[in-house]
Amino acid sequence: MPREVEPSLNERQFVLQALQENLRLDGRELDQYRPLELNFGEEYGVADVTLGKTRVLAKATAEVTVPYTDRPLDGIFTIATELSPMTSPSFEVNRPTETEVLLSRLLEKTVRRSGALDTESLCLVAGQKCWSVRVDVHVLSHDGNLIDAACFAVVAALRHFRKPDTSMEAGVLTVYTPAEREPVPLSWLHSPFCVTWSFFGEDGEIAVLDATWLEEQVRMGSCTVSLNKHGEICQIAKLGGTPVDAVALLQCTSVALTKVKEFSELMDRRLAEDLKRRDKGGFMAQLRADNDR
Amino acid sequence: MTATTAPEAALGVLPRADGSAKYSHAGYIVTASVNGPIEAQRRDEHPYEAHVDVIVRPAAGVGGTRERHLESILQSSLAQIILVRNFPRSLIQIVLQVEHSPENDYVNTKLVQANLNFAIMPALFQTAVLALLSAGVPMKATATATAVALSHQDGSKRTIVDPSPREVETAQSVHVLAFTSHDELLLAESEGDFTVKEWDDVYETASKVCCQSALQKEGIAMVLDDEDAGGPAMRHFLRSTMESKVAADLHWK
C-alpha cells in the first residue's frame, strides 16, 4: 500500500511557526472546533457526522444471541471500527494500523467501559437469550480528529437507535418485527464525548483543539479527555509525546467540559428535530380516516 | 420499500479521495471512492496492466463470502471497461461502502454476518462507474446496470425492474445485467430457475432500461404513453449527472 504523504519541511515549519503566533491555517482560534454537523438516516440508528472535511458514519444494529457464559445477565455490546482504504489508501483491509487500534480502544473505553449503555437491560432470558448491540463505524473521509468525530457518531447512533420490541409470555420469547410493533429505544445512561487536545512547541506549551490532518502530522503529542456534560471524566489518554504540565492539563479539562456541553446540546437538538420529523401525530392521527382538506 | 424512486447521484462527495460518488436508487444508498492509479503491492503488481481492486463493505456486520463474490464479479467486469493497459504495475482501488439497503419489514434479520443481497449489484456497479468517472480514470466506455426479477403469480408471468427485497424473495429468478455505452452486454448474472425464452425477455427489458437514451424515451412516451416499460433510462441519467457535474465545475466565476 502507498505510504501516507508526509508534510514537507517547509510545510511543517510554516504550520508550527503560525501556531507560535497563535494562528491556524484555516483561520480558527486555537480552541475552536470546525463546524460540526450531525444528520440521521432514514432508518433508526444511522448517524452521519461531518467535522470539517472529516466524515464518519456510524450504524447501530441489534440481534438476539446467546450471552457469554461468564456474564449470563448481561447483553453484548460491541463497537466495530475498521478503517477501509476509503479513509486513505494507506489503510489496508484486514490489517489494523495503529490509528485503528487506538481509535477502537478509545471508543471502547469512552462508551463501553463508562457504562453509557446499560447492558443488563439487554438481557432477555438469563443465560440463554440477550440482545447483541453492535455499532459499525465507517470513516468515509479522514481530515484529522477522527477520535472526537467517531465518538460523537457512535453516541448519536446509539441514542437514535431503536431495537425491536419483545415480550415474554409463558416462557416463550417473541421478537416483534417493525411492522408488528414500534421498536423501542435503548436504555441509555449518559452521553460521554471525547475532546482531543494536540500539543505543539518544544515543551508542548501550545494546546490546540480539533487538529486537522496536517496539524496532527506535525504535533508533538496529544491527549484525549472523555467526559459527559455533568463533568464526570470517563478517561484521559495521553499516549506518549512530550510531557505536558499538570496545570495545563487541568486547564484543558475545564475547556473540554464547555465543549462537551456544546456537543450534548447539539445532539439533543438534532435528536429532538429528528423525532419531530418522524412523529406523525401519534396513535390517534394514524387511526384517523378523514382527509386533509 | 419504494422500489420506483428515481436514481440520484452526487459526484466528488469525499474531499480526500481521487474520485467519489454517492448513488441512491430503489432504496439502496452506496458511497464509493476511487484512488488510482496508485502504487500496487508486490503481490498485486502486473507487468502489463493495472490491477483493479474492488472492496465492498456492508453497512453493518463483517463482510463474508457473499461480499467477496460480489467483489470478484464487479472486479472482472470493471476491469473490462477500464483501460488497464495504460497503467502497468499500478493499482486502481475502488471502495464501495453500502450506507443503506432496503429491508424487509416483515422479517427480523441476522446482522453480525452481513449478507448482501444479489439485487444490490446494480447499485454497486453504477456507483463504481460514477466514481471512476469522477476520478477521471480512462475507460473504454461507460456502463449502466439494472436488476430484473421474474415472478410467477397465479399462472401469469411478471417482470419486475429494480425489485424490492420482498419481491426478490418471492421471485422465481433474479437477473443482473450491465451494458456498455456501445450497447454491448458487459455482465449477466442470474439466480433461480428460468428458461432461455425467459432470459431473452429479461435481456430485452434490461437493455431497454440500460441502453435507452432520453430522446427515444420521449418519442415512445408521446406515441404509446408507455408507462409499464418500467425503470428509469439509466444511460440518460448517467449522462445528465456528468453534464451537470462538468457544468458546475466549469462555472468558476
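Data block above holds the structure.
Residues numbered from 1 in each chain as written. Chains lettered and ligands numbered in written order. Predicted model: local features only at pLDDT ≥ 70, side-chain atom pairs only at ≥ 80, totals over all residues. Heavy atoms only, no water.

A word on the overall build of chain B
Stage number 1. Helix and strand content of chain B: six helices and nine strands.
Stage number 2. Taking all 253 residues of chain B together, 48% fall into the buried category.
Stage number 3. Pairs at least 24 apart in sequence give 68% of the contacts found in chain B among residues at least 6 apart.
Stage number 4. Total accessible area computed for chain B in this model is approximately 12200 Å², and 50% of it derives from carbon and sulfur atoms. (Helix = DSSP H or I, 4+ residues; strand = E, 2+ residues; numbered from the N terminus. Buried < 20%, exposed > 50% of the residue type's maximum accessible area, 1.4 Å probe, protein only. Contact = heavy atoms within 4.5 Å. Areas by Shrake-Rupley, 256 points an atom, 1.4 Å probe, with all protein chains shown as cover.)

Structural notes on the packing of helix H2 (residues 121-135) of chain B against helix H6 (residues 234-250) of chain B
Helix-helix packing: each pair is described by the crossing angle between the helix axes and the interaxial distance.
Residues and elements named next belong to chain B.
Stage number 1. At a closest axis distance of 11 Å, the pairing of H2 and H6 adopts a crossing angle of 30°. The angle between H2 and H6 places the two elements in the roughly parallel class. The hand of the H2/H6 crossing is right-handed. Of H6, the residues touching H2 (which contributes Gln126, Val129, Leu130 and Leu133) are Met234, Leu238, Thr241 and Met242.
Stage number 2. Of the residues belonging to the contact of H2 with H6, the class tally is six nonpolar, two polar and no charged. (Axes fitted to C-alpha atoms, helices over the stretch in contact; angles between N-to-C directions. Parallel < 35°, antiparallel > 145°, perpendicular 65-115°, else oblique. Left-handed = near helix turned anticlockwise from the far one by under 90°. Nonpolar A, V, L, I, M, F, W, Y, C, P; charged D, E, K, R; others polar.)

Details of the pattern of salt bridges
Stage number 1. The full count for this structure, using the stated rule, is 31 salt bridges over all chains.
Stage number 2. With a closest N to O distance of 3.2 Å, Asp201(B) and Lys197(B) form a salt bridge. Of this pair, Asp201(B) and Lys197(B) both sit in helix H4 (residues 196-211), four residues apart, roughly one helical turn.
Stage number 3. Given the relative accessible area of 26%, Asp201(B) is considered partly exposed.
Stage number 4. A single salt-bridge network, built from bridges that share partners, covers Asp26(A), Arg28(A), Arg34(A), Asp143(A) and Asp210(A). (Salt bridge = Lys/Arg side-chain N within 4 Å of Asp/Glu carboxyl O.)

Here we look at the sheet that holds strand S12 (residues 206-209) of chain A
Strand-to-strand pairing in sheets goes through backbone hydrogen bonds, with the strands running parallel or antiparallel.
Residue and element names in this part refer to chain A.
Stage number 1. Strand order in the open sheet formed by four strands is S12-S11-S13-S14, and the pairing between neighbours is antiparallel. Strands with a single pairing partner mark the edges of an open sheet, and in this sheet they are S12 and strand S14 (233-237). Sheet twist, expressed as the average angle between the axes of neighbouring strands with direction ignored, equals 20°.
Stage number 2. Strand direction decides the pairing type here: strand S11 (residues 193-200) and S12, joined by four bridges, are antiparallel. By the bridge assignment, Phe200 is partnered in S12 with Ile206.
Stage number 3. Taken strand by strand, helix H3 (residues 146-160) contacts S11 and strand S13 (221-227), and its axis lies near 175° from that of S11. (Pairing = 2+ DSSP bridges.)

Points about the sheet that holds strand S2 (residues 19-25) of chain B
All names here are of chain B.
Stage number 1. The strand order across the open sheet formed by five strands is S1-S2-S3-S5-S4, and the pairing between neighbours is mixed. The open sheet terminates on both sides in strands that have one partner only, identified here as strand S1 (8-11) and strand S4 (51-57). Recorded for the sheet is a direction-independent mean angle of 15° between the axes of neighbouring strands.
Stage number 2. Two elements, strand S3 (residues 28-39) and strand S5 (residues 90-100), share nine bridges in a ladder whose sense is antiparallel. Paired with Asn35 across the two strands is Gln93, which belongs to S5.
Stage number 3. Sheet strands touched by helix H1 (residues 65-81): S4 and S5. Its angle to S4, the strand with the most contacts, is close to 145°.
Stage number 4. Relative to the sheet, H6 contacts S1 and S2, its axis offset from that of S1 by approximately 35°.

Observations concerning H4(B)
Stage number 1. Taking 1.5 Å per residue, 16 residues should reach 22 Å; H4(B) reaches 21 Å between its end C-alpha atoms and fits that length.
Stage number 2. What H4(B) keeps buried is the set Glu198(B), Val202(B), Thr205(B), Ala206(B), Ser207(B), Val209(B), Cys210(B) and Cys211(B). (Expected span 1.5 Å × (residues − 1).)

Some details on the interface of chain B and chain A
Stage number 1. Contacts between chain B and chain A engage 33 residues on the former and 36 residues on the latter.
Stage number 2. Of the roughly 3000 Å² buried between chain B and chain A on both sides combined, carbon and sulfur atoms contribute 54%.
Stage number 3. Counting the contacts that link chain B with chain A gives four salt bridges.
Stage number 4. For Arg57(B), the salt bridge goes to Glu82(A), with nearest N and O atoms at 3.7 Å.
Stage number 5. Our count for the contact surface shared by chain B and chain A stands at eight residue pairs in polar contact (both at pLDDT 80 or more).
Stage number 6. For the side of chain B that touches chain A, the class distribution of residues is 15 nonpolar, nine polar and nine charged. (Buried area = accessible area lost by both parts, 1.4 Å probe. Polar contact = N/O pair within 3.5 Å; in protein donor to acceptor, adjacent residues only side chain to side chain.)

With respect to the state of the cysteines
The term disulfide refers to a covalent linkage connecting the sulfur atoms of a pair of cysteines.
Residues and elements named next belong to chain A.
Stage number 1. Within the structure shown, the criterion is met by zero disulfides over all chains.
Stage number 2. With no disulfide of its own, Cys123 lies closest to Cys130 among cysteine sulfurs, the gap being 6.7 Å.
Stage number 3. There is no disulfide at Cys194, and the cysteine sulfur nearest it, in Cys151, is 3.5 Å away.
Stage number 4. According to the relative accessible area criterion, Cys194 is buried, its value standing at 1%. (Disulfide = S-S within 2.5 Å.)

A closer look at the environment of Asn39(A)
Residues and elements named next belong to chain A.
Stage number 1. Structurally, Asn39 can be placed in strand S1 (residues 36-40).
Stage number 2. You can call Asn39 partly exposed: its relative accessible area is 33%.
Stage number 3. For the pair Asn39 and Glu265, spaced 226 residues apart in sequence, the C-alpha to C-alpha distance is 15 Å.
Stage number 4. Ignoring any residue separated from it by four or fewer positions in sequence, one finds Asn39 in contact with Val46, Ala47, Asp48 and Arg270.
Stage number 5. A distance of 3.1 Å separates a polar atom in the side chain of Asn39 from a polar atom in the side chain of Arg270.

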